[in-house]
Amino acid sequence: MQTKIEKIDSSSAFAIKIIESYDIHDLDFLSFREKLAYANISHLEKRQEWASSRLAIAAALKELQIPYPGFFKDEHGKSQSMSGNGFVSLTHTQGFAAAIYHREIPVGIDMDFIREKILRIGFRFLDESELSFLEKDPIHYTMAWSAKESIFKCQGKKGISFRDNILLEPFDLNAKVIKGKIRGTDFADHHYQVRSIVENNTVLTYTIW
Ligand SMILES: CC(C)(COP(=O)(O)OP(=O)(O)OC[C@H]1O[C@@H](n2cnc3c(N)ncnc32)[C@H](O)[C@@H]1OP(=O)(O)O)[C@@H](O)C(=O)NCCC(=O)NCCS
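This structure is a prediction, so every number in the text was calculated from the model and none was measured.

### Some points on the environment of Tyr-141
- Structurally, Tyr-141 can be placed in helix H5 (residues 138-155).
- Between the C-alpha atoms of Tyr-141 and Arg-115, which are 26 residues apart in sequence, the distance is 9.4 Å.
- Aside from chain neighbours lying at most four places away, what touches Tyr-141 is Ile-118, Leu-119, Gly-122 and Leu-134.

Below you can see the structure in the form of structure tokens.
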């Protein structure tokens, strides 16, 4: 399985995997609880995505020389470390899985394919001010969507509306960093910065600090 691993700094790393077939023994590192979760996924492609994202976490942790602690999902669906140390976020889509880990700070990561149809659903996830600065370009819209996904996953709680509660500052199509904040909730005006990487037909974003 092809993997791209990037150490961001001494506390953090991310890994992207191209999903290919793998040997079941490649998953021996998973905790008992994770093995059960894996076995309960009936759809083959979903099982491969799930496994590949855990292999991506394992690769990021190896880069940082941190033993794999095992992760469980909290009541919001966010993965939490079973050791109580560190923060993780993951994403998987057709053909790709990615994960980011940070020793001290909550993180969020997201990866999306760029598709024309996103232009038609902009009104569902974008505020008026965002609709006015974004070009009618699927790349620009996907960057905005993915940045909001990463911010959502970083904060981790359900019940946040992308349109009403996550507001992005104006950014252009070549932006490497997107700034945004969560507003109108218990986490009002919590500020975030998101790294954006556009490559081929995908957008990858992850929160930075
Ligand atoms: C939960 C959500 C973040 C998943 O995103 P997705 O694009 O479907 O899928 P991704 O592959 O990028 O991410 C999936 C991973 O997100 C993580 N995740 C799920 N809920 C999460 C949460 N509350 N916080 C952080 N991470 C979460 C999980 O690790 C999941 O992977 P897993 O099931 O293998 O453990 C997505 O359903 C979402 O955006 N919910 C917000 C609802 C919303 O407001 N939508 C937009 C309205 S306009």
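Picking up after the structure, the text goes on.
### Considering the domain arrangement of the protein chain
- Partitioning the protein chain into structural domains gives domain 1 (3-107) and domain 2 (110-208).
- The partner domain 2 presents twelve residues to the eleven residues of domain 1 that form the contact.
- A class-by-class count of the residues in the side of domain 1 that touches domain 2 yields six nonpolar, four polar and one charged.

### Considerations on the site of the ligand
- Around the ligand, 23 residues are found, and the nearest of them are His-76, Gly-77, Lys-78, Thr-91 and Lys-153.
- Looking at the shell around the ligand, the elements that each hand over two or more residues are helix H2 (44-63), strand S5 (87-93), helix H3 (122-125), H5 and helix H6 (162-165).
- For the shell around the ligand, the element with the highest residue contribution is S5, accounting for five residues.
- Partitioned by chemical class, the residues of the shell around the ligand number five nonpolar, ten polar and eight charged.
- Split by domain, the residues of the shell around the ligand number at least three in each of domain 1 (3-107) and domain 2 (110-208).

### Quick word on the pairing of strand S11 (residues 202-208)
- Of all the seven residues making up S11, five are buried; the element is thus mostly covered by neighbouring parts of the structure.
- Pairing geometry for strand S7 (residues 109-113) and S11, over five bridges, is antiparallel. From the neighbouring strand, Met-111 faces S11, where its bridge partner is Leu-204.
- Where strand S10 (residues 190-199) and S11 come together, seven bridges link them in antiparallel fashion. Considered in S11, the bridge of Val-198 is made with Val-203.
- Hairpin connection from S10 to S11: two residues lie between these consecutive antiparallel strands, with Asn-200 at a positive phi of about 50 degrees.

About the criteria used
Residues numbered from 1 in each chain as written. Predicted model: local features only at pLDDT ≥ 70, side-chain atom pairs only at ≥ 80, totals over all residues. Helix = DSSP H or I, 4+ residues; strand = E, 2+ residues; numbered from the N terminus. Contact = placed C-beta atoms within 7 Å. Domains from an automatic or database assignment. Nonpolar A, V, L, I, M, F, W, Y, C, P; charged D, E, K, R; others polar. Near = placed C-beta within 6 Å. Buried ≥ 20, exposed ≤ 12 C-beta atoms within 10 Å, placed from the backbone. Pairing = 2+ DSSP bridges.

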